[in-house]
Protein chains: 2
Amino acid sequence: MSGHFADDLTAAITDKHAPVCVGLDPSYDRLPVSIREKFGDDRAGAIREFCTEVIHAVAPIVPAVKPQIAYFEVHHAPGVELYFDMVALARAAGLIVIGDIKRGDIGSTARAYARAHLSGEKCPDAVTVNGYLGADGLEPFIEEGNAGGKGIFVLVRTSNPSGATVQDFADASGRKLYQHMAAQVAALGQDSVGSSGYSRVGAVVGATYPDEARELRSMMPEQIFLVPGYGAQGASAADCAASFKPDGTGAIVNASRSVIYAFDKNPDIDWRQAIRQAASDLAADIASAVF
Amino acid sequence: MSGHFADDLTAAITDKHAPVCVGLDPSYDRLPVSIREKFGDDRAGAIREFCTEVIHAVAPIVPAVKPQIAYFEVHHAPGVELYFDMVALARAAGLIVIGDIKRGDIGSTARAYARAHLSGEKCPDAVTVNGYLGADGLEPFIEEGNAGGKGIFVLVRTSNPSGATVQDFADASGRKLYQHMAAQVAALGQDSVGSSGYSRVGAVVGATYPDEARELRSMMPEQIFLVPGYGAQGASAADCAASFKPDGTGAIVNASRSVIYAFDKNPDIDWRQAIRQAASDLAADIASAVF
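Anyway, here's the lowdown on the structure attached to this text. (Residues numbered from 1 in each chain as written. Chains lettered and ligands numbered in written order. Predicted model: local features only at pLDDT ≥ 70, side-chain atom pairs only at ≥ 80, totals over all residues.)

## Digging into the interface of chain A and chain B
Listed by partner, the interface residues are 44 residues for chain A and 43 residues for chain B. Put simply, the parts of the chain that give the side of chain A that touches chain B at least two residues each are α4 (70-73), α5 (76-92), α6 (107-118), α7 (135-148), α8 (163-167) and α9 (177-189) of chain A. At six residues, α6 of chain A tops the list of elements feeding residues into the side of chain A that touches chain B. Grouping the constituent residues of the side of chain A that touches chain B by class yields 22 nonpolar, 15 polar and seven charged. (Contact = placed C-beta atoms within 7 Å. Helix = DSSP H or I, 4+ residues; strand = E, 2+ residues; numbered from the N terminus. Nonpolar A, V, L, I, M, F, W, Y, C, P; charged D, E, K, R; others polar.)

Here it is in structure tokens:
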């Protein structure tokens, strides 16, 4: 590990030939029955065991995981403790960890969030952030990340249908808000470009709009794209390929439910094996479209 | 309490003749020396005592408090436990509680955040949310709030300087993003208007741009405005008055550091007394400009 998030992520993707990330979105109701039975009323315990097993199952296959903090936060303090424990466990298992927190605030409040999520031993290697409040809301995360070489992914173009009602808002020249946000992200990232050619400031760009992803790819040559929307949200591997450069670098595709709940569609084998298989299939599908 | 957030807040503001809210942004380094000495290395304990005293000091004076979760989250799980404890304590003290969480995500993730922050016994009466992801990101909070009559405040126009670099982005007709967001918020709030004439869907509108606040006031007649920017950020009571209707309803002005750290500028009296005095001065200043 070089200690520069974008360099480390780029190298790890190459090493594993897998430009993909597994999202950890643990809903108690969707856990394997065997785990729910084992833990009874101890929901946090059940989620801990499930996430631990998922992390160990996918660690040999993918370079990164993306825990979604909302699914932990819903269990209040014990859930937040579990979130940071799982971040630490995944890092110890050799995974790069992207905390999907989508925080966004300003000044000393943004600094408190940045410290909470990027500065401790149990903190992830990068987090997602929301740029609606402008650069004031992003700079504290970039500054906090400098010491540890950590990264951020700024929401530029999200994969959900109604994202367009805000992000497609267009100026007199036809330039849309998400393009305007992309230009700001590109500028903010200029000072933290590593030897890979990528910045520690990346962008979230949904796979569900491949034409826009292609255009954003050229607008943000130094940004790694974190790409949601594959699988459950309907985007194909070919759609995802629009976020990569011709050399196969520059993006990482996330899949969450289609991997961690793969046992639903594959009930005849051990649930861990179903998850491993889904992670391998994910990696192979995206790699074949990209490399 | 009627069980409708906007009605309850409007009534509480009238009862206390105080259209103001005290922000709980507890930074350990800024706590009174006496508390830091008493608790030694137990930072969470010090913050707990400080917040408890602040809540009891301001409860007779103001209708609402706004804990900023970032200052709790920076202490990870123990901080999050403290956040929810302080929310519950403030509600038990008769205060309306607005959780400043600025969460924003979509689908099942947004539902998890909404459940985490609006559905439990220790949850606040309303929370702030970020609308960059469109209505998909807001509706789960509105739905989760329906059962308990809870509210949300959507970020429309923030008080920080660089907010304009995103929120002033303008379309061909000169309409700006924050105006576009305001129209969406007004539409989303139509189905949850109470007997006060205000919706459980409110808006965050910074006091630092009073001309824009006046215009937003007419664009969002059913929204209560949560108004940051008074005091520490430079806006005057007259600036804040732009967010109110002529009858003095429709907004609540927040002040955080200028109240909870008032003892810095008033070291000759008990620190709790300094906070009470600052809360009274805040209420009187805004009330005189509004009523």
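## Regarding the packing of α5 of chain A against helix α5 (residues 76-92) of chain B
It is at 8 Å that the axes of α5 of chain A and α5 of chain B come closest, and there the two elements cross at 160 degrees. Comparing the axis directions of α5 of chain A and α5 of chain B gives the class roughly antiparallel. The way α5 of chain A lies across α5 of chain B gives a crossing that is right-handed. Judged by residue contacts, His-76, Ala-77, Val-80, Glu-81 and Phe-84 of chain A of α5 of chain A engage His-76, Ala-77, Val-80, Glu-81 and Phe-84 of chain B from α5 of chain B. (Axes fitted to C-alpha atoms, helices over the stretch in contact; angles between N-to-C directions. Parallel < 35°, antiparallel > 145°, perpendicular 65-115°, else oblique. Left-handed = near helix turned anticlockwise from the far one by under 90°.)

## Notes on the pairing of strand β8 (residues 251-255) of chain B
All names here are of chain B. Within β8, five of the five residues are buried, leaving the element largely enclosed by the surrounding structure. Going residue by residue along β8, you find Ala-251, Val-253 and Ala-255 tucked away on one face and Ile-252 and Asn-254 tucked away on the opposite face as well. As judged from the three bridges shared by strand β1 (residues 20-24) and β8, these two strands associate in the parallel manner. Bridge pairing in β8 places Cys-21 opposite Asn-254. Alignment of strand β7 (residues 225-227) against β8, held across three bridges, turns out to be parallel. (Buried ≥ 20, exposed ≤ 12 C-beta atoms within 10 Å, placed from the backbone. Pairing = 2+ DSSP bridges.)

## Thoughts on the nonpolar core
Ile-275 of chain A together with Ile-275 of chain B are the most contacted members of the largest nonpolar core, which totals 215 residues. Apart from residues lying up to four places away in sequence, Ile-275 of chain A is in contact with Val-54, Ala-57, Val-58, Val-259, Ile-260, Ala-262 and Phe-263 of chain A. (Core = buried A, V, L, I, M, F, W, Y, C linked by C-beta atoms within 7 Å.)

## Overview of the sheet that holds strand β4 (residues 126-129) of chain B
Residues and elements named next belong to chain B. Here eight strands make up a closed barrel; going around it, the order is β1-β2-β3-β4-β5-β6-β7-β8 and the pairing parallel. Neighbouring strand axes in the sheet, compared pairwise and without regard to direction, differ in orientation by 30 degrees on average. Relative to strand β6 (residues 201-205), strand β5 (residues 151-157) is paired through five bridges, and the arrangement is parallel. Paired with Leu-155 across the two strands is Val-204, which belongs to β6. Against the sheet, helix α13 (residues 271-290) contacts β1 and β8, and its axis sits at roughly 145 degrees relative to β1.

## A short note on the relation of the copies chain A and chain B
In screw terms, the move from chain A to chain B is a rotation of 180 degrees and a rise of 0.0 Å along the axis, fitting with an RMSD of 0.0 Å. Taken together, these values place the two copies in the relation of a two-fold axis. (Least-squares fit on C-alpha atoms with pLDDT ≥ 70 in both.)

## Re helix α13 (residues 271-290) of chain A
Residues and elements named next belong to chain A. With 20 residues, α13 should reach 28 Å at 1.5 Å per residue; the first-to-last C-alpha distance of 29 Å fits that figure. Along α13, the residues classified as buried are Trp-271, Ala-274, Ile-275, Arg-276, Ala-278, Ala-279, Leu-282, Ala-283, Ile-286 and Val-290. For α13, the elements touching its buried residues are β1 (20-24), α3 (43-58), α11 (237-241), β8 (251-255) and α12 (257-260). (Expected span 1.5 Å × (residues − 1).)

## Comments concerning the sheet that holds β8 of chain A
All names here are of chain A. The strand order around the closed barrel formed by eight strands is β1-β2-β3-β4-β5-β6-β7-β8, and the pairing between neighbours is parallel. Taking each pair of neighbouring strands and ignoring which way they run, the sheet shows an average axis angle of 30 degrees. Summarising the sheet, strand β6 (residues 201-205) and strand β7 (residues 225-227) pair through two bridges and their orientation is parallel. In the sheet register, Val-204 faces β7, and the bridge partner there is Leu-226. Of the strands in this sheet, β4 (126-129), β5 (151-157) and β6 are in contact with α7, which crosses β5 at around 155 degrees.

## Some remarks on unusual backbone geometry
We note that His-17 of chain A has phi near 50 degrees; this positive angle belongs to a residue other than glycine. Relative to the elements of secondary structure, His-17 of chain A occurs in the loop between α1 (5-16) and β1. The class for His-17 of chain A is partly exposed, based on 14 C-beta atoms found within 10 Å. If you check the backbone angles, His-76 of chain B has positive phi at about 55 degrees while not being a glycine. Among the structural elements, His-76 of chain B can be located in helix α5. According to the C-beta neighbour criterion, His-76 of chain B is buried, with 20 such atoms within 10 Å.

## Some details on the environment of Gln-273 of chain A
Residues and elements named next belong to chain A. Mapped onto the elements, Gln-273 comes out in helix α13. Note on Gln-273: 14 C-beta atoms within 10 Å, which makes it partly exposed. In this structure, the C-alpha to C-alpha distance between Gln-273 and Gln-167, residues 106 residues apart in sequence, is 39 Å.

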